[in-house]
Amino acid sequence: MIEARGLSKRFGSQLAVDDLSFEVRPGHVTGFLGPNGAGKSTTMRMILGLDHPTAGSVTVDGKPFTEVSHPLFEVGALIDAKAVHPGRRASDHLLCLAQSNGIQKSRVDEVLGLVGLTDVAKKRVGKFSLGMGQRLGIAAALLGDPEILMFDEPVNGLDPEGILWIRNLLKWLASQGRTVFVSSHLMSEMALTADRLIVIGKGKLIADTTVSELTSSAKGASVRVVSPRADELAVLLGARQAIVVRGDAGVLDVTDLDAAGVGDLAAAHGIPLHELTPKAPTLEEAFFELTKDQTEYTTGAFPGAAQ
Amino acid sequence: MTASEATRPATAGREQVPPRPTGRSFANVLRSELTKLRSVRSTMWTLLVAVFFVIGFGILLGAVVDSKAPGRDFDPTQASLSGIFLAQLATGVLGVLVISSEYSTGMIRTSLAAVPRRRMLLAAKIITFGVAVFVVTAVAAFIAFFSAQALMGSPAATSLGDPGVLRAVIGAPLYLTGIGLLGLALGTMLRRTAGAITALFGVIFVVPIILNVIPLDWLNHLAKYAPGDAGQSMLSVVHRRSDQLSPLTGGLVFLAWVVGALVLATIPLMKRDA
Ligand SMILES: Nc1ncnc2c1ncn2[C@@H]1O[C@H](COP(=O)(O)OP(=O)(O)O)[C@@H](O)[C@H]1O
Ligand SMILES: [Mg+2]
């Protein structure tokens, strides 16, 4: 169990993490979600005692991480796949980490096999691709067979195969009852792997929820309507209290009335429809909705983007 | 199976026998640091360069001195160990790299996630690096001493049994280790390889020059207390310049510099974010 209480971190004038309190409970994949610059990596570094909090505290199984005597047995972390010495062989990299916690040498070969790096064990890490580096970082995290695993943006920069591999790994780890805490700025990624979600933006907690709760609480479904008599239809829909957003000529985006309602209304007035598409809110949209005020750099809408 | 072929982790369940820690914490960290030291090619090469300088200059000086009659001030022990002037560049740089390479590569965060007690990590680095450099350069110093004396022949040569000679020969690896540890301290404080190396050689080479050049008596007087001069006084047997400390005093001043720098380095080590 990871517990953060009033955790804050200031870099100069910038408050990167702002009074954050949350718990990461055992036996779940907890997604740590937030746009770039939200403070996810900073929070994870504070969990590991790498960064000192400006205020508040964070504990791992009730203790500050820096007081744990054999940390690799408690928390396995992949913070940055590039945080290795490029001149060291993969097996030596893992060996020095294993030795630091009194882990047998045989375990190094085991974790290399687990992540599929046995054949390149003697290669120098600097020659590794990003995907191989990621696997090496995961091998290091698994050395002590810890209860808690923490991965910072593990799919970033990976090819589809690598992404699939990480997803399967996370599910596999959680199926063994471990605590898995994984960050991402991609809602879609979290939807596939996480069951609990901690959402932050600009360092503040936005939601501490589950994936299913988040989707159901998101703004209602909408219906995309295309009609040559869209203007007429919009007036009729407005009279029914439906919210209508006009897109390109002839395109309407209707909320608060479902596809059947829109279709019936159009039929009753003899208005032809060229398209009638119900749109369920994706998790992506739910997430965007939650964090749109919190993103560091809001990009302007592209010209022509439907609004 | 190559890395990219494995699209899913092994499907076996949890390890039947989860690994459990063995041994004492600090001994484990020492073992880990020794693995780090020996598993990077550049550290091995740098050590080899130090050995090459120490032995090479011993042989060179031994061969050169042979041809002429030694003067009264000639110190055959110190001459045979002249290689330390170049070897200190290697051990100093190596000391800096032991920690600065961890900061520049990001390895420090991986290291601290495995050993979050920062002072323990630094202590393990000090001991493994210190012992490794001392042992290797001590062997080199003895080889340099014996080859130089053999090449010089009498009457110039001295023997290990003569007063102060053994102490001076051991002074060479002590000096080279101390300079390395000074580098380690500066690397810990500054984190940047280039900056720490510049600072180290500034302290060893530039500070004494400045102290000697400025025409103020009390400043000139201070020059012998600078780490380089104080440390090198451990190597002298015969002739003691008036502007040099005695081997014992010099050794203690040098020790104070090294210990002081390492203790000072723990402050930013503990306070700053990794
Ligand atoms: N070492 C640092 N010094 C100064 N600012 C930092 C540092 N680390 C992170 N930040 C800033 O803190 C904010 C949060 O960063 P980060 O934790 O990396 O976010 P995330 O991982 O969610 O993308 C960003 O605005 C970033 O620029
Ligand atoms: Mg990040």
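Within each chain, residues carry numbers counting from 1 in the order of the written sequence. Following the order in which they are written, the chains are lettered starting with A and the ligands numbered starting with 1. In keeping with the predicted nature of the model, local features appear solely for residues at pLDDT of at least 70, side-chain atom pairs appear and are counted solely at 80 or more, and the whole-chain, interface and lining totals rest on all residues. Side-chain figures throughout are based on the complete set of non-hydrogen atoms in the structure, without hydrogens or water.

Draft legend 1. Fine view of the overall build of chain B. Numbering of helices and strands runs from the N terminus; a helix is a DSSP stretch of H or I covering at least four residues, while a strand is a stretch of E covering at least two. When helices and strands are tallied, chain B shows eleven helices and zero strands. Listed by position from the N terminus, the elements making up chain B come as α-α-α-α-α-α-α-α-α-α-α. A buried classification covers 50% of the 274 residues belonging to chain B. It only takes one pair of heavy atoms within 4.5 Å for two residues to be counted as in contact. For chain B, the proportion of contacts with a sequence separation of at least 24, taken over those separated by at least 6, is 76%. All accessible areas in this document rest on Shrake-Rupley with a 1.4 Å probe, and a residue is counted as covered only by the protein chains that are shown. Of the roughly 12700 Å² of accessible surface on chain B, a fraction of 69% belongs to carbon and sulfur atoms. For each residue, the accessible area found with a 1.4 Å probe, counting protein chains only, is set against the maximum for its type, and the residue is called buried under 20%, exposed over 50%, and partly exposed in between.

Draft legend 2. The arrangement of the site of ligand 1 in detail. Residue and element names in this part refer to chain A. Nearness here has a simple test: a residue counts as near a molecule or strand if at least one of its heavy atoms is within 4 Å of that partner. What surrounds ligand 1 is a group of 13 residues, the closest being Gln14, Gly37, Lys40, Ser41 and Thr42. Each polar contact in these results corresponds to two N or O atoms within 3.5 Å; when the atoms are within protein, one needs to be able to donate a hydrogen and the other to accept it, and residues that are neighboring in sequence are counted only if both atoms are side-chain atoms. Here an oxygen atom of ligand 1 sits 2.7 Å away from a polar atom, N or O, in the side chain of glutamine 14. Interatomic distance of 2.8 Å between a backbone N/O atom of lysine 40 and an oxygen atom of ligand 1. Here ligand 1 loses 64% of its free accessible area of 560 Å² to cover by the protein chains. Residue contributions to the shell around ligand 1 peak at four residues, all from helix 1 (residues 40-47). When residues are grouped by polarity, Ala, Val, Leu, Ile, Met, Phe, Trp, Tyr, Cys and Pro land in nonpolar, Asp, Glu, Lys and Arg in charged, and all others, Gly among them, in polar. When the residues that make up the shell around ligand 1 are grouped by side-chain class, the tally is four nonpolar, six polar and three charged.

Draft legend 3. Representation of the domain arrangement of chain A. What counts as a domain boundary in this text is fixed by an automatic or database domain assignment. Splitting chain A by domain gives domain 1 (2-216) and domain 2 (222-279). Centre-to-centre separation of domain 1 of chain A and domain 2 of chain A, based on C-alpha positions: 47 Å.

Draft legend 4. How the structure looks around the pairing of strand 7 (residues 179-184) of chain A. Residues and elements named next belong to chain A. Burial of strand 7 is extensive: six of the six residues sit out of reach of the surface. The side-chain alternation of strand 7 yields two buried faces, one formed by Thr179, Phe181 and Ser183 and the other by Val180, Val182 and Ser184. When DSSP finds two or more bridges between a pair of strands, those strands are recorded as paired. When strand 3 (residues 29-33) meets strand 7, the two strands line up parallel, connected through five bridges. Residue threonine 30 lies in a different strand from strand 7, and its bridge partner there is phenylalanine 181. Summarising the sheet, strand 6 (residues 148-152) and strand 7 pair through five bridges and their orientation is parallel. Along strand 7, the bridge assignment pairs phenylalanine 151 with valine 182. Looking down the strands as they point away from the viewer, one classifies a crossover as right-handed if the path from the first strand across the helix to the second runs clockwise. Taking the sense of rotation as the criterion, the β-α-β connection linking strand 6, helix 5 (residues 160-175) and strand 7 turns out right-handed.

Draft legend 5. Up close: the interface of chain B and chain A. Contacts between the two partners involve 48 residues from chain B and, on the opposite side, 58 residues from chain A. By convention, the term buried area covers the 1.4 Å-probe accessible surface removed from two parts as they join, with the contributions of both added. Here chain B meets chain A over a buried area of about 4500 Å², counting both sides, of which 52% is carbon and sulfur. The term salt bridge refers to a side-chain nitrogen of Lys or Arg lying within 4 Å of a carboxyl oxygen of Asp or Glu. Taken together, the links from chain B to chain A amount to three salt bridges. A salt bridge links aspartate 273 of chain B to lysine 9 of chain A, with the nearest nitrogen and oxygen atoms 2.7 Å apart. Of all the secondary-structure elements, those providing two or more residues to the side of chain B that touches chain A are helix 1 (25-38), helix 4 (84-105), helix 5 (107-114) and helix 11 (247-271) of chain B.

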